[in-house]
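A look at the structure
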Amino acid sequence: MATALLVVAHHRADSLTAHIADRARVRLEKDGRTVDVLDLHAEGFDPRMTVADEPDWGDRDKTYSAEVRAHMRRIDAADLIVVVFPVWWYGLPAVLKGWIDRVWNYGFAYGRPPARLGGKRMLWLALAGQSREEYAGHGLGDASPTS
């Protein structure tokens, strides 16, 4: 059976992020997938880099921390990864950035063939909202390529 890893990066269970993640879970289950919900805050994921999880460019077979290896196994088990997060200050929340930094590590996500993320489908649901006027006030209302 196809498995989706649904990664949620928001600290409030009543947030728009949590609501959209739940809708995604329901849809994925209706499509016949097993869904592994990885709520980074609810599970207490620590986004801070440690020596145990710092990439070792001289050793792509480095054994990372037990916490990171558990997350790597969850990624390995999924054929689809769906990440739901708010856009804060035009970027990822720190907990999600830390998850990528610690888990998508050298020897796992890159640095060795075949790439363990290769062949997996990913969907990034980045949630942001302001009025048209607020976006325009930041100079973002008329984003178009220049020649």
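The structure presented is a predicted model; accordingly, all values stated were derived computationally and were not measured. (Residues numbered from 1 in each chain as written. Predicted model: local features only at pLDDT ≥ 70, side-chain atom pairs only at ≥ 80, totals over all residues. Heavy atoms only, no water.)

**Some thoughts on the packing of aromatic side chains**
In plain terms, the rule: Between the rings of Phe, Tyr and Trp (Trp by its six-membered ring), a pair exists once the centres lie within 6.5 Å; its type follows the angle of the planes, with under 30 degrees stacked, over 60 edge-to-face, and the other angles tilted. A run of DSSP states H or I qualifies as a helix once it reaches four residues; a run of E qualifies as a strand once it reaches two. Both are numbered from the N-terminal end. Remark: exposure states derive from per-residue accessible area (1.4 Å probe, protein chains only) relative to the maximum for the residue type, with buried under 20%, exposed over 50%, and partly exposed in between.
Summed over all chains, the structure comprises 6 aromatic pairs. Between Trp57 and Tyr106, the ring centres sit 5.0 Å apart and the planes meet at 65°, which makes this aromatic pair edge-to-face. In this pair, Trp57 is assigned in the loop between β2 (34–39) and α2 (66–77) and Tyr106 in the loop between α3 (94–103) and β4 (121–127), connecting sequence segments 49 residues apart. Assessed through its relative accessible area of 14%, Tyr106 is described here as buried. Three or more aromatic residues joined by ring pairs form one cluster here, namely Phe85, Trp99, Trp104 and Trp124.

**Section: the UniProt feature "domain: Flavodoxin-like fold" (unreviewed entry) in the chain**
So the rule is basically this: UniProt positions are given in the numbering used here, feature names are shortened, and annotations may be inferred rather than shown by experiment.
The UniProt record annotates "domain: Flavodoxin-like fold" (unreviewed entry) at residues 4–139. Along residues 4–139 one finds 32% helix and 18% strand; the C-alpha atoms at either end are 37 Å apart.

**What to know about the pairing of strand β3 (residues 80–86)**
Quick reminder of the rule: Pairs of strands are assigned from DSSP output, requiring at least two bridges between the strands. Looking down the strands as they point away from you, a crossover is right-handed if its path from the first strand over the helix to the second goes clockwise.
β3 sits mainly inside the fold: 7 of its 7 residues count as buried. On β3, burial covers both faces: Leu80, Val82, Val84 and Pro86 on one face and Ile81, Val83 and Phe85 on the other are all buried. Note that strand β1 (residues 3–8) and β3 share 5 bridges and pair parallel. Considered in β3, the bridge of Leu5 is made with Ile81. Summarising the sheet, β3 and β4 pair through 7 bridges and their orientation is parallel. Residue pairing across strands places Pro86 opposite Leu127, the latter belonging to β4. As a crossover connection, the stretch from β3 through α3 into β4 is right-handed.

**A look at the pattern of salt bridges**
Inclusion rule: Should a side-chain nitrogen of Lys or Arg be within 4 Å of a carboxyl oxygen of Asp or Glu, the pair is scored as a salt bridge.
One pass over the structure, following the stated rule, counts 13 salt bridges. Between Glu43 and Arg74 there is a salt bridge; the shortest N-O distance is 2.8 Å. Residue Glu43 is located in the loop between β2 and α2, and its partner Arg74 is located in helix α2; the two are separated by 31 residues in the primary sequence. Where Asp46 meets Arg48, a salt bridge forms, and the shortest distance between an N and an O atom there is 2.8 Å. Owing to a relative accessible area of 59%, Arg48 belongs among the exposed residues under this scheme. Each of Asp22, Arg25 and Glu29 takes part in a single network of salt bridges with overlapping partners.

**So, the layout of surface pockets**
As a reminder, the rule being used: Throughout, the protein atoms alone are placed on a 1 Å grid, and a set of points is a cavity if a 1.4 Å probe fits but cannot get out or a pocket if it is open with protein on both sides within 12 Å along at least five of seven lines; lining residues have an atom within 4 Å of a point. Grid points are joined across faces, edges and corners, and a volume is the space filled by probe spheres set on the points. Asp, Glu, Lys and Arg are counted as charged, while Ala, Val, Leu, Ile, Met, Phe, Trp, Tyr, Cys and Pro are counted as nonpolar; the rest, among them Gly, fall into the polar class.
In this model, the largest pocket occupies a volume close to 310 Å³. Of the residues belonging to the lining of the largest pocket, the class tally is 9 nonpolar, 6 polar and no charged.

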